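# Summary of structural features
Residue strings, one per chain:
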Amino acid sequence: MRWRIIIRRTLSIALVAIVVLGAATVAYFYYFQPPTVKTSVAMLAPVSEVVYGTGIVEPVRWAKVVPVNRKRVVELCRCEGQSVKTGQILGRQDDAEEQAALRELEIRRDQLNRDLQSLNRDRQRGTNSKTEYERQESQLKELESRITAQKERLDTLIFRAPMDGMVLRRDGEVGEIVGPTDVMFWVGLPTTMHVVAEINEEEITKIAVGQKAYLRNEAFSTQALPATVSQITPKGDPTRKTFRVYLLLPRDTPLRIGMTVEANIVFREKPAAVVVPSEAVIGNSVQVVSSGKIQRVPVTIGVRGTSYLEIIGNVSQGTPVLSPARVDLVDGASVRMENAPAKEALNTPADPQLSPDLSATPSQVSSAQTGQIEDENAAISAAISARVQSIVSDARRNASK
């Protein structure tokens, strides 16, 4: 029995020792080990700041065919996509009433002509006065003028091509009653197109002829479609508080006439800038990790984006920064990095060719993204640009009015 008691006591002491040792280990790692932080790496990338607007693709030269009179349509060509010449007939309105009036005038004119010839013979024989002949001659001239006006009225009932080009679109059907508010045909030259964009008046001073622009359309969501500012309308719209800006498209653009686009006009860009995640900046400073310790470095914010932003200060490419920033950690505090920056990121060169990723939402208007940031352990190659969220929201609100 004595040896059993000794074994029990020994086991109890060993169990207590294990528990105390475990508790001490946990306490050591919890209270004495440096906290673990998440970090990102400062990257060198091209950035740009843009002005946002919305617009519609249109031919540079085009015209509408609109009825002058409110009449029933009796003829329309099936000529969408076909080339036409100036003056070519595209359709007609009902002209039965006008034709009847013209025939009546022509009959009266013919009768007056016969009467005038008779009067002229009588005048030559001296049986009729000169005054009667002149009165009849004046009536004939009046009828000729009315006939000419009636023929011109008949011509307004014919739809003609206003210019050489292509029939871009036809609206309406035979039998419908149409008037001056109805567009029957769009005729233009589809070879040269531009985007007519609406820009917020608060940002129009940033726009200048010759600036680059990048367009986004859902049909080409993976492409950054280029354009160039070609013209700015001098007078704005005081109701919508916008100005009209024309963006010339290259001849090989995949956009089609009538498509709506979101336009991002680049007014400021840098080929290489230091950028960090937005969550890494706190109070105009970032927390860098140097030799396992935190150091707060003051920075100036440059181009802003929703996910990344440019910083100007004593932070170079490849410097690890806390992301997100930790307000509970003071300067000089020791830390352990949970995700050390990838070595590849330190050698990622800036992409000198701006090629914005416009598949993002308008609030994320950015310059090109040459690679995809999936996690900190992957190679990072990205080009970030900026757009202030409040300005974008205001622009979209005005554009939707």
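The rules we used
- Residues numbered from 1 in each chain as written.
- Predicted model: local features only at pLDDT ≥ 70, side-chain atom pairs only at ≥ 80, totals over all residues.
- Heavy atoms only, no water.
- Pairing = 2+ DSSP bridges.
- Helix = DSSP H or I, 4+ residues; strand = E, 2+ residues; numbered from the N terminus.
- Phe/Tyr/Trp six-rings, centres within 6.5 Å; stacked < 30°, edge-to-face > 60°.
- Lys NZ or Arg CZ within 6 Å of the ring centre and 35° of its normal.

## Considering the sheet that holds strand S7 (residues 89-93)
Taken in spatial order, the 4 strands make up an open sheet running S8-S7-S5-S10, and their pairing is antiparallel. The open sheet has two edge strands, strand S8 (158-160) and strand S10 (177-178), and neither has a second partner. Two elements, strand S5 (residues 71-76) and S7, share 3 bridges in a ladder whose sense is antiparallel. Note that in S7 the partner of Leu76 across the bridge is Gly91.

## Describing the environment of Val84
Along the chain, Val84 turns up in strand S6 (residues 83-84). In this structure, the C-alpha to C-alpha distance between Val84 and Met166, residues 82 residues apart in sequence, is 5.8 Å.

## Re the packing of aromatic side chains
Within the structure shown, the criterion is met by 1 aromatic pair. A cation over a ring is seen here: Arg169 above Trp186, with NZ or CZ 5.8 Å from the ring centre.

## Focus: the pairing of strand S19 (residues 308-313)
Relative to S19, strand S16 (residues 260-277) runs antiparallel, the two being bridged by 3 bridges. Residue pairing across strands places Val276 opposite Leu309, the latter belonging to S19. Where strand S18 (residues 293-304) meets S19, 4 bridges bridge the pair, whose relative direction is antiparallel. Directly across from Arg304, in S19, lies its bridge partner Leu309.

## Some details on the sheet that holds strand S4 (residues 62-65)
Read across the open sheet, the 4 strands follow the order S4-S11-S9-S6; overall the sheet is antiparallel. At either end of the open sheet lies a strand with only one pairing partner, and these are S4 and S6. Where strand S9 (residues 165-170) lies against strand S11 (residues 185-188), 4 bridges are found, and the strand directions are antiparallel. Residue Met166 lies in a different strand from S11, and its bridge partner there is Gly188.

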